[in-house]
Amino acid sequence: MSVSPDKLEENELLRAYHERGDQSARDKLVEANLPLARAIARRYAGRGEQLDDLVQVASIGLIKAIDRFDLERGVYFRTYAVPTIVGEIKRHFRDRAWAVHVPRRLKELNQMLSSLIQDLSAQLERSPTIAELAEAAGVEEEEVVEALESSRAYTAESLMAPAEEGSDLDRLQTLGVVEEAFERTEDRQLLATGLQALEPRERRIIQLRFQDGLTQTQIANELGISQMHVSRLIRRALETMREELEQGGVDADER
Amino acid sequence: MSESAVGERVALTLPGERRSIGIVRLFVGGLAARLGLGYETMDDLQLALESVLLKAELRPEITLEATIGEDAVSLTVGPLSRDPLQPDAAGPNELDLGHLLSALVARTESTTRDDGCWLRLDVLVPAGSGTRVSQSS
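None of these values were measured; they are calculated from a predicted model.

Reading the values: the criteria
- Residues numbered from 1 in each chain as written.
- Chains lettered and ligands numbered in written order.
- Predicted model: local features only at pLDDT ≥ 70, side-chain atom pairs only at ≥ 80, totals over all residues.
- Helix = DSSP H or I, 4+ residues; strand = E, 2+ residues; numbered from the N terminus.
- Buried ≥ 20, exposed ≤ 12 C-beta atoms within 10 Å, placed from the backbone.
- Contact = placed C-beta atoms within 7 Å.
- Pairing = 2+ DSSP bridges.
- Axes fitted to C-alpha atoms, helices over the stretch in contact; angles between N-to-C directions.
- Core = buried A, V, L, I, M, F, W, Y, C linked by C-beta atoms within 7 Å.
- Domains from an automatic or database assignment.
- Parallel < 35°, antiparallel > 145°, perpendicular 65-115°, else oblique.
- Left-handed = near helix turned anticlockwise from the far one by under 90°.
- Nonpolar A, V, L, I, M, F, W, Y, C, P; charged D, E, K, R; others polar.
- pLDDT = per-residue confidence, 0-100.
- Arc of directions from axis to C-beta.

Here's the deal with the overall build of chain B
Along its length, chain B carries 3 helices and 7 strands. Secondary structure elements of chain B, listed N to C terminal, follow the sequence β-β-α-α-β-β-α-β-β-β. For chain B, the proportion of its 137 residues judged to be buried stands at 42%. Within chain B, contacts between residues separated by at least 24 positions form 70% of all contacts whose residues are at least 6 apart in sequence.

Dropping the structure here:
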């Protein structure tokens, strides 16, 4: 038995929510598409995260897809929802799952380095070197490099890597995607599309870094967050933009 | 005690797979430690190379070469199947790599060799912290 509404019904619900603010329509869309979110979450189970947690994350991705969906694109909602949900799960792994794999000492050192980078940057009025960080932390330089890398290398790589031997990840990434669709849209428009997919703070960081030319330190000071956090947010934003641009290609193909 | 690193060349050859990005980042981290680059410079350079490797069509084996000059470090990566800086090579599903790199490194240049395209990224090293290696212990 399928609980999914057909495309016409789904569009009506989306229109009711987006144009008239009908929250019950939004609830119906969430309910109807939860099996999709669960199915995607199940594909990522067994990677160190509880299935229940992944379902929660997938559900957040689904809600984001409902909130961001643009009816004018004229595409089937699921075409938009699948990569948005996958993107949310990938971000979850990137932001959270490293703690599962990284040794505690590196995790603690990484947290210490985050503070030290901030303190030393203020004290030295420039970005500290690895040697300076190592001295301040009382560890070897190699450990500093390793700890800095540990916060982003582990899970992000395994998820970004091209799938081998037909893994589930690859199928998920390509589900509903027709890659030949890209030629019709200009880069600039797509870049704008990518920016639109970002949350306000991420968009501001990308604009400050790549349009206004501010350094990470300057952005950190402007927003009152740590330099390492700025670094993470930049990477996450660029990944989100890539995903959104891929999705734009899907939309173009279906028009 | 300080020791000049000018003229040194460090090269790393590794599988042309995106999962090699982690190794490349560690390579840059080690280079930053060796040269006394600031954390932010290191992070920018890592992101630049990461972006190149995510965008480029990689050959089965790629090489990353670091050449240390008086006031700059040059990192050359290749061979790539095509020039990622060429507008006509930029797939519209990708971000504008040239624009991205221009914010992350001082200079970019692509050259064609017999085996494919090689991309060079230059990072300026602030006086007194870059090409002189400080050893405090």
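Text resumes after the structure shown.
A short note on the environment of Asn110 of chain A
Residue and element names in this part refer to chain A. Mapped onto the elements, Asn110 comes out in helix α5 (residues 104–124). Looking at Asn110, the number of C-beta atoms within 10 Å reads 21, which means it is buried. Taking the C-alpha atoms as reference points, Asn110 and Ser150, separated by 40 residues in sequence, lie 7.8 Å from one another.

Some points on the sheet that holds strand β2 (residues 9–15) of chain B
All names here are of chain B. Taken together, the 5 strands give an open sheet; going across it, the order is β2-β3-β4-β6-β5, and neighbouring strands pair in antiparallel fashion. Two strands lie at the open edges of the sheet, namely β2 and β5 (107–113), each paired on one side alone. Averaged over neighbouring strand pairs, the angle between their axes works out to 15° when direction is ignored. With 7 bridges joining them, strand β3 (residues 58–68) and strand β4 (residues 72–80) adopt antiparallel strand pairing. Looking at the pairing, Leu64 lines up with Val77 of β4.

Some remarks on the nonpolar core
Ala48 and Leu49 of chain B are the most contacted members of the largest nonpolar core, which has 64 residues in total. Counting residues domain by domain, this core receives three or more from each of domain 2 (102–176) and domain 3 (179–255) of chain A. One finds Ala41, Leu62, Val82 and Ile85 of chain A within the second-largest nonpolar core, a separate group that totals 25 residues.

A closer look at the packing of helix α2 (residues 39–55) of chain B against helix α3 (residues 97–104) of chain B
Residues and elements named next belong to chain B. Two elements in contact, α2 and α3, have axes whose closest approach is 9 Å; the angle formed by their N-to-C orientations is 165°. Classified by the interaxial angle, the pair formed by α2 and α3 is roughly antiparallel. Regarding α2 and α3, the two cross each other, and that crossing is left-handed. Between α2 and α3, the contacting residues are Asp44, Leu47, Ala48, Ser51, Val52 and Lys55 on the first element and Leu97, Leu100, Leu101 and Leu104 on the second. Among the residues making up the contact of α2 with α3, the classes are represented as 7 nonpolar, 1 polar and 2 charged.

A short note on the confidence of the model for chain B
All names here are of chain B. On average, residues of chain B score 81 in pLDDT, and 82% of them reach the 70 mark or higher. Scored below 50 in pLDDT, residues 89–94 shows 18 contacts in the model against residues more than four places distant or in partner chains. Under a pLDDT of 50 for its full length, residues 130–137 has, in the predicted model, 27 contacts with residues more than four places off or in other chains. Interface predicted TM-score (ipTM) for the complex: 0.75; the corresponding pTM is 0.60.

Overview of α3 of chain B
Of all the positions in α3 of chain B, only Leu97, Leu100, Leu101 and Leu104 of chain B are classed as buried. What you see down the axis of α3 of chain B is that its buried residues fit within an arc of 95°, all on one side. Buried-residue contacts for α3 of chain B involve α10 (200–211) of chain A together with α2, β5 and β6 (116–124) of chain B.

Some thoughts on unusual backbone geometry
Phi is mostly negative for residues that are not glycine, and the peptide bonds are mostly trans. A cis amide bond links Gly78 of chain B to the next residue, Pro79 of chain B, at an omega of -5°. Located in the positive-phi region is Glu125 of chain A, a residue other than glycine, with phi close to 60°. Tracing the backbone shows Glu125 of chain A in the loop between α5 and α6 (130–137).

Quick look at the pairing of β4 of chain B
All names here are of chain B. The antiparallel hairpin formed by β3 and β4 contains 3 residues in its connecting segment. Of the strand pairs in this sheet, β4 and β6 are connected by 7 bridges, and their pairing is antiparallel. Opposite Leu75, over in β6, you have Leu121 as the bridge partner.

So, the environment of Ile66 of chain A
Residues and elements named next belong to chain A. Along the chain, Ile66 falls in helix α3 (residues 51–68). A tally of 22 C-beta atoms within 10 Å means that Ile66 is categorised as buried. Excluding anything up to four places from it in sequence, Ile66 contacts Arg26, Leu29 and Val30.

Quick word on the confidence of the model for chain A
Residues and elements named next belong to chain A. A residue-level look at chain A finds 72% of positions with pLDDT of 70 or above and a mean pLDDT of 75. Contacts of residues 153–190 to residues separated by more than four positions or lying in other chains number 59 contacts, the stretch itself having pLDDT below 50. Residue range residues 249–255 is modelled with pLDDT below 50. Its contacts to residues more than four positions away, or to other chains, number 19 contacts.

What to know about the packing of helix α2 (residues 23–43) of chain A against α3 of chain A
Residues and elements named next belong to chain A. Running from amino to carboxyl end, α2 crosses α3 at an angle of 135°, the nearest separation of the two axes being 8 Å. Of the possible angle classes, the one that applies to α2 and α3 is oblique. As α2 runs across α3, the sense of the crossing is right-handed. Where α2 approaches α3, its residues Arg26, Leu29, Val30, Asn33, Leu34, Ala37, Arg38, Ile40, Ala41 and Arg42 are matched on the opposing element by Leu51, Leu54, Val55, Ala58, Ser59, Gly61, Leu62, Ile63 and Ile66. Here the residues of the contact of α2 with α3 sort into 13 nonpolar, 3 polar and 3 charged.

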